[in-house]
Amino acid sequence: MNTESNKAVIALTSNGKKLALTIKKYIKCDVYVNDKFLCDDTISIKGKFKEFVGDIFYKYDYLIFIMATGIVVRSICPYIKDKTQDPAIIVMDEMGKNVISLLSGHIGGANEMTMKLSDYLNSNPVITTATDVNNKSSLDMIIKKIDAHIDNFKENVKKVNSYLVEGKKVGIYMDGNYDIDTRGFVIINDKNNISDLDTLIYITNKKYIDIKHKDIIKVTPRNNVLSVGCRRHTDSNLMYESFEDFLDKKDIDKNSIKTVGSVDLKKDEKAIMDLASKLEVEFKIVSREKILKVEDKFEKSEFVKKSIGVYSVVEPVAYILSGENLIVNKTKYKGITFGLGRLK
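Residues numbered from 1 in each chain as written. Predicted model: local features only at pLDDT ≥ 70, side-chain atom pairs only at ≥ 80, totals over all residues. Heavy atoms only, no water.

Caption draft 1: Just the UniProt feature "domain: CobE/GbiG C-terminal" (unreviewed entry) in the chain, in detail. When the UniProt feature table is mapped to this numbering, "domain: CobE/GbiG C-terminal" (unreviewed entry) covers residues 227-339. For residues 227-339, helix accounts for 42% and strand for 25%, while the C-alpha atoms at its two ends are 5 Å apart. (UniProt positions renumbered as here; feature names shortened; annotations may be inferred. Helix = DSSP H or I, 4+ residues; strand = E, 2+ residues; numbered from the N terminus.)

Written out as structure tokens, the structure is:
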């Protein structure tokens, strides 16, 4: 099965196939059709339709069905889990008159894709999520836009979005610059003037919150890059204990770590690999060749140069992986060094 694309369009009729191939001109997608409609740009629907849907359900981020809504509902029903896992489901009639955002409208991106398809095809977008109908933003869309962590995701999203629809005062304070949709929220600039809010969304990658309110929901953007250097065979427990101390002293929330990085010589270092695994983030390697190009920007160590061929590791790695935005210089522990960069 070809799943190089993260989008699939499924059609059951000749007109549906024509529309699917039109969509393929606008977006990169795999097109599935019945055998009798196969051509070079399509893939065969194998077996019973409901079983076929189950086979592809979690192999794509977007499933665009060109058929009756009833068929789609009955076919996807056994495979639905929740909004944080389900793919975006979009349904279209075979003439392309209506585009319906059926499932995972916000987090999955079905609403956004529905609007794009409607623009491409001059169709009628059908979106029924309450915040969108009321021309307001939503907490889950903000979380998706800035790739953030939030505790108790379902409960907090449900509460905040219902507050927005009901017209309650939901404040939003941003500890940094974030390009997000804030329609319906009360923008807070003065942290001391929040007493009349029903709840407060606090967007920060800091560990500690310096504000008091009866109901604060912390949203932590995953925009920090942790660079690590260490002696060979460093103990994994010591690595994690040192990491937690580093975060505590620098006031960094561990949920803000997007990537752990190190030099290529450390690609198999167990303690660093274990740290990345425990944080459930990607472990990225930076070659010494890349470090050589930027090492003059940082403090040099002759010992490190003699050992591995470059003057520095932690600072250039954080600098490179963050897009040239080092925010915390090297911080040393017993045989371990950390640095931090922030994605722009």
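Moving on, there is more to tell.
Caption draft 2: Just unusual backbone geometry, in detail. Here Asn135, not a glycine, exhibits a phi torsion of approximately 60 degrees, which is positive. Positive phi, normally seen in glycine, also occurs at Asp251, with a value near 55 degrees. Note that Asp251 resides in the loop between α8 (236-250) and β14 (257-263).

Caption draft 3: Inspection of the sheet that holds strand β2 (residues 30-33) at higher detail. Ordered in space as β3-β2-β1-β4-β5-β6-β7, the seven strands form an open sheet in which the pairing is mixed. In this open sheet, the two edge strands, each paired with only one partner strand, are β3 (43-44) and β7 (124-126). By the bridge criterion, five bridges tie strand β4 (residues 62-66) to strand β5 (residues 88-92) in an arrangement that is parallel. Across the sheet, Ile66 pairs through a bridge with Met92, a residue of β5. (Pairing = 2+ DSSP bridges.)

Caption draft 4: Quick look at the packing of aromatic side chains. Under the definition given, this model contains 12 aromatic pairs. Judged by centre distance (6.0 Å) and plane angle (35 degrees), the rings of Phe49 and Phe52 are tilted. Of this pair, Phe49 and Phe52 both sit in helix α2 (residues 49-56), three residues apart, which is roughly one turn of the helix. Note on Phe52: relative accessible area 3%, which makes it buried. Joined through ring pairs, the aromatic side chains of Tyr240, Phe243, Phe246, Tyr333 and Phe338 make up one cluster. Here the basic side chain of Lys278 rests over the ring of Tyr240, its NZ or CZ set 4.0 Å away from the ring centre. In this structure, Lys300 is placed above the aromatic ring of Tyr311, and the distance from its NZ or CZ to the ring centre is 5.0 Å. (Phe/Tyr/Trp six-rings, centres within 6.5 Å; stacked < 30°, edge-to-face > 60°. Buried < 20%, exposed > 50% of the residue type's maximum accessible area, 1.4 Å probe, protein only. Lys NZ or Arg CZ within 6 Å of the ring centre and 35° of its normal.)

Caption draft 5: Just the UniProt feature "domain: Cobalamin synthesis G N-terminal" (unreviewed entry) in the chain, in detail. Within this numbering scheme, the UniProt entry marks residues 52-132 as carrying the feature "domain: Cobalamin synthesis G N-terminal" (unreviewed entry). From the first C-alpha to the last, residues 52-132 spans 32 Å; its make-up is 35% helix and 23% strand.

Caption draft 6: Summary view of the layout of surface pockets. Approximately 680 Å³ is the volume attributed to the largest pocket. As for the largest pocket, its lining consists of 25 residues, and the residues nearest its centre are Gly229, Cys230, Phe303, Val304 and Val313. Within the residue set of the lining of the largest pocket, elements represented by two or more residues are β13 (224-230), β14, α11 (302-308), β16 (326-333) and β17 (336-342). The leading source of residues in the lining of the largest pocket is α11, at four residues. Partitioned by chemical class, the residues of the lining of the largest pocket number 11 nonpolar, seven polar and seven charged. Of the volumes computed, that of the second largest pocket is approximately 340 Å³. Surrounding the second largest pocket, 18 residues form its lining, His106, Asp132, Met141, Asp181 and Arg183 being those nearest its centre. Contributions of two or more residues to the lining of the second largest pocket are made by α4 (110-121), α5 (130-133) and α6 (139-145). Here the element with the most residues in the lining of the second largest pocket is α6; it accounts for four residues. Looking at the lining of the second largest pocket residue by residue, the class counts come to five nonpolar, six polar and seven charged. (1 Å grid on protein atoms, 1.4 Å probe; cavity = no way out; pocket = protein on both sides within 12 Å on 5 of 7 lines; lining within 4 Å. Points joined across faces, edges and corners; volume = space filled by probe spheres on them. Nonpolar A, V, L, I, M, F, W, Y, C, P; charged D, E, K, R; others polar.)

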